Amino acid sequence: MLPKVNLLDFIRAIARILKAKPHVPPTLQDNPLLETILRRRSVRSFSQREIPDDVFAAILEAGRLAPSTVNLQTWAFAVFTAESWKQCFGRPIPFSGQRAVIVLGDAHWNKPIAEMFADSPLVSYTVAVINASLAAMTMNLAAEALGISSVMLSETGRTGFLDAGYLKEKLALPDGVFPLMTIVFGYAKGPYPPMPPKLPLDQICFTSSYRGVDPAVVEEWLKQMIAGYKAAYPLSSFERQLNIYRAKIHQAEQDLTQMVFHRG
Ligand SMILES: Cc1cc2nc3c(=O)[nH]c(=O)nc-3n(C[C@H](O)[C@H](O)[C@H](O)COP(=O)(O)O)c2cc1C
């Protein structure tokens, strides 16, 4: 159940969102990598400016060299230009992105290892998801360092794990290959959006027994999500966005059960 957000809540929530800044120790304020990591935002509006081939190649190279469990490199990247995306999916890359990569967990290519995991589909799937997600984040940060913005998508445009069944067919994926998310790349059109509400560090770190997030902090976070969403998309709402996911979850659960466990 989502909390109600009245006008005062709304104003307070937006003020808190706008005020929030990454915490950087004064001694590290000039560190360029840290600055890049903390500056990154999911960008949903891209200009028509093309990404040069060598710049995009460097982004893919960052993904190729990402860390992985036992160096298993359980990933594959479906790589698109604006044209090839349109040819494949019959519509433009979401948000007018210039390039896109569908990141897939891949437990297929490495047969000798896959056989070791033969009776443990959940382990195999989890390993693939962990590693491919790290490759995705590495590409995302490499892009940011090169002045290219990006957003990862699981729903928008039917090209994430929620449409695993559709993508399996569309991209002729063999067993053991799982669509995870699409990364859309481009030069940002306009300034970066404000940082969406992030939980405070003291709520997510613990040293001995798990504590969990204080319910009052959860409520505050929800209010900021609802208000922030309304401010960014006045014609929509956070709840409506959740409903889009909710509508697809049942099918996704069935498709993924089939793909991971070969049953369903
Ligand atoms: C795996 C993954 C899937 C995502 N899917 C979507 C999506 O379908 N549509 C969208 O607009 N944003 C999507 N996002 C972006 C998140 O909404 C965003 O990361 C989050 O709101 C935090 O904002 P930030 O990236 O600017 O820190 C996704 C992010 C991740 C990591």
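This section reports on the structure supplied with the text. Throughout this description, residue numbers start from 1 for each chain and increase along the sequence as written. A pLDDT threshold of at least 70 governs which residues receive local features in this predicted model, and a stricter bar of 80 or more applies before side-chain atom pairs are shown or counted, although totals over entire chains, interfaces and linings include all residues.

We now examine the site of the ligand. Around the ligand, the neighbouring residues are R41, S42, R44, V151, M152, L153, S154, E155, T156, G160, M181 and P196. Residue contributions to the shell around the ligand peak at three residues, all from strand β3 (residues 149-153). We call Asp, Glu, Lys and Arg charged. Ala, Val, Leu, Ile, Met, Phe, Trp, Tyr, Cys and Pro are nonpolar, and the rest, Gly among them, are polar. A class-by-class count of the residues in the shell around the ligand yields five nonpolar, four polar and three charged. Near, for a residue, is defined by distance from a backbone-placed C-beta atom to a molecule or strand, with 6 Å as the limit that must not be exceeded. Strands here are runs of E lasting at least two residues and helices are runs of H or I lasting at least four, both read from the DSSP assignment and numbered beginning at the N terminus.

In this analysis, the expected span of each helix is defined as 1.5 Å times one less than the number of residues it contains. Between its first and last C-alpha atoms helix α3 (residues 53-64) spans 16 Å; for 12 residues at 1.5 Å apiece the expected length is 16 Å, and the two agree. Placing a C-beta atom from the backbone of each residue, one calls two residues in contact when those atoms lie within 7 Å. For α3, the elements touching its buried residues are β1 (75-81), β2 (99-106), α6 (121-145) and β4 (177-186).

A word on the environment of P121. With respect to the helices and strands, P121 occurs in helix α6. Counting other C-beta atoms within 10 Å of its own, a residue is labelled buried from 20 upward, exposed at 12 or fewer, and partly exposed in the gap between, with every C-beta atom placed from the backbone. Owing to 17 C-beta atoms within 10 Å, P121 belongs among the partly exposed residues under this scheme. In the structure, P121 is positioned 138 residues away from M259 in sequence and 9.5 Å away in space, judged by C-alpha atoms. Among all residues touching P121, those that are not within four sequence positions of it are V260 and F261.

Attention now goes to the packing of α3 against α6. For helices, the fitted line uses only the C-alpha atoms of the stretch in contact; every axis is such a line through C-alpha atoms, and the angle between N-to-C directions lies from 0 to 180 degrees. Put simply, α3 and α6 touch, their axes get as near as 7 Å, and they point 145° apart. Relative to α6, the crossing made by α3 is right-handed. Contacts between α3 and α6 involve A58, I59, L60, A62 and G63 from the first element and A135, T138, M139, A142 and A143 from the second. By convention, the crossing between two helices is left-handed when the near helix turns anticlockwise from the far helix through less than a right angle, and right-handed when the turn is clockwise.

What follows is about the sheet that holds β1. Strands are treated as partners if at least two bridges between them are detected by DSSP. Read from one edge of the open sheet, four strands run β1-β2-β4-β3, paired in antiparallel fashion. Two strands in the sheet have a free side with no partner beyond their single neighbour: β1 and β3. Put simply, the sheet's adjacent strands are angled 20° from each other on average, direction ignored. With eight bridges joining them, β2 and β4 adopt antiparallel strand pairing. In the sheet register, D106 faces β4, and the bridge partner there is V177.

Phi is positive for Q73, which is not a glycine, with a value near 50°. Topologically, Q73 is positioned in the loop between α3 and β1. Accessibility expressed as a C-beta count within 10 Å gives 19 for Q73, which makes it partly exposed. Non-glycine residue S96 carries a positive phi angle of around 60°. Looking at the element boundaries, S96 is found in the loop between α4 (82-89) and β2. A tally of 15 C-beta atoms within 10 Å means that S96 is categorised as partly exposed.

Joining buried Ala, Val, Leu, Ile, Met, Phe, Trp, Tyr and Cys residues through C-beta atoms within 7 Å gives a set, and that set is a nonpolar core. Within the largest apolar cluster, 44 residues are counted, with the highest numbers of intra-cluster contacts made by A100, V103, L104 and I183. Put simply, the parts of the chain that give this core at least two residues each are α3, β1, β2, α6, β3, α7 (164-170), β4 and α10 (238-261). In terms of residues, this core owes the most to one element, α6, which gives nine residues. Leaving out residues up to four positions away in the same chain, A100 has contacts with F80, W85, I93, T182, I183, V184 and F185. In terms of nonpolar packing, the next biggest core, distinct from the first, is built from five residues, A13, M225, A227 and F238 among them.

Of all eight residues in β2, eight are buried, a share of seventy percent or more. Neither face of β2 is open: one carries R99, V101, V103 and G105, the other A100, I102, L104 and D106, and all of them are buried. Sheet analysis places β1 next to β2, joined by seven bridges and oriented antiparallel. Of the residues in β2, the one forming a bridge with W75 is G105.

It is the contact of helix α1 (residues 7-19) with helix α9 (residues 215-232), at a shortest axis distance of 9 Å, that shows an interaxial angle of 85°. Comparing their axes, α9 and α1 come out roughly perpendicular. Here α1 contributes D9, F10, A13, I14, R16 and I17 to the contact with α9, which in turn contributes K223, Q224, A227, G228 and A231. Taken together, the residues of the contact of α1 with α9 sort by class into six nonpolar, two polar and three charged. Convention used here: angles under 35 degrees read as roughly parallel, angles over 145 as roughly antiparallel, angles from 65 to 115 as roughly perpendicular, and any remaining angle as oblique.

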